[in-house]
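Below, each chain spelled out in residue letters.
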Amino acid sequence: MPAPTTTPLGVVLARTAKTAGRAFDQALAAAGGSQPVWQILISLKTRPAANQRELADTVGIQGATLTHHLNGMETTGLVTRRRDPANRRVHLVELTETGEQLFRKLATAAIAHDQRLRKGFTDTEITQLTDLLHRLATNVTDT
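Values in this document were obtained by computation on a predicted structure and should not be read as measured data.

Regarding the side chain of H113
Along the chain, the position of H113 falls in helix α5 (residues 97-118). Take H113: its relative accessible area is 9%, and that puts it in the buried class. Excluding residues that lie within four positions of it along the chain, H113 makes contacts with A20, A23 and F24.

So this is what it looks like as structure tokens:
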């Protein structure tokens, strides 16, 4: 088999994703957060009182991992957890005012990061890139 003449697309994509992900991690850390905290906060903003199972599904993490993050977030006053009156086995998670404040800080950092990613691209190119990335994802998820 001959050596490839160009870097395989998957390698370029993986490296780019890691670079962009690290930059996003750094932007969120500078604002006082992290990607897991950001994902939980933004999920709670779209659904103000979510149960832990729904929240884990939305964020895309295991229940035990979510519990670990929520423990820390509850300790620092970002969220509260309470039993659902309709089902005492279910815990509802809600943002506190401190959580709302951190959400706003992290949202500002996320918007700035997105603007940084878009730098030098036209709106048409962003649309094309988005479409191409969706097609790549479809290529690897279709069987």
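Quick word on the side chain of Q52
Turning to its location among the elements, Q52 is positioned in helix α3 (residues 52-59). Its relative accessible area of 17% is what places Q52 among the buried residues.

With respect to a nonpolar patch on the surface
The grouping of L13, F121, L129 and L133 at the surface amounts to a nonpolar patch, some 320 Å² of accessible area in total. Position of L13 among the secondary structure elements: in helix α1 (residues 9-30).

With respect to the pattern of salt bridges
Evaluation of the coordinates by the stated rule reveals seven salt bridges. Between E97 and R104 there is a salt bridge; the shortest N-O distance is 3.3 Å. When the shortest N-O distance is used, the salt bridge between R104 and E100 registers 3.9 Å. Here the residue R104 and the residue E100 both occupy positions in helix α5, the gap between them amounting to four residues, near one helical turn.

Overview of α5
Since the α-helix packs 3.6 residues into each turn, any two residues three or four apart lie on the same face. With 22 residues, α5 should reach 32 Å at 1.5 Å per residue; the first-to-last C-alpha distance of 32 Å fits that figure. By the burial criterion, the buried members of α5 are G99, L102, F103, L106, A107, A109, A110 and H113. Contacts made by the buried residues of α5 are with α1, α2 (35-46) and β3 (87-95). Measuring from the backbone nitrogen of T98 back to the side-chain oxygen at the start of α5 gives 3.3 Å, which picks out T96 as the cap. Backbone geometry just after α5 places G120 at a positive phi near 85°.

Parameters at a glance
- Residues numbered from 1 in each chain as written.
- Predicted model: local features only at pLDDT ≥ 70, side-chain atom pairs only at ≥ 80, totals over all residues.
- Heavy atoms only, no water.
- Helix = DSSP H or I, 4+ residues; strand = E, 2+ residues; numbered from the N terminus.
- Buried < 20%, exposed > 50% of the residue type's maximum accessible area, 1.4 Å probe, protein only.
- Contact = heavy atoms within 4.5 Å.
- Patch = residues over 30% accessible without salt bridge, like charges linked within 9 Å, V, L, I, M, F, W, Y side chains within 5 Å.
- Areas by Shrake-Rupley, 256 points an atom, 1.4 Å probe, with all protein chains shown as cover.
- Salt bridge = Lys/Arg side-chain N within 4 Å of Asp/Glu carboxyl O.
- Expected span 1.5 Å × (residues − 1).
- Polar contact = N/O pair within 3.5 Å; in protein donor to acceptor, adjacent residues only side chain to side chain.

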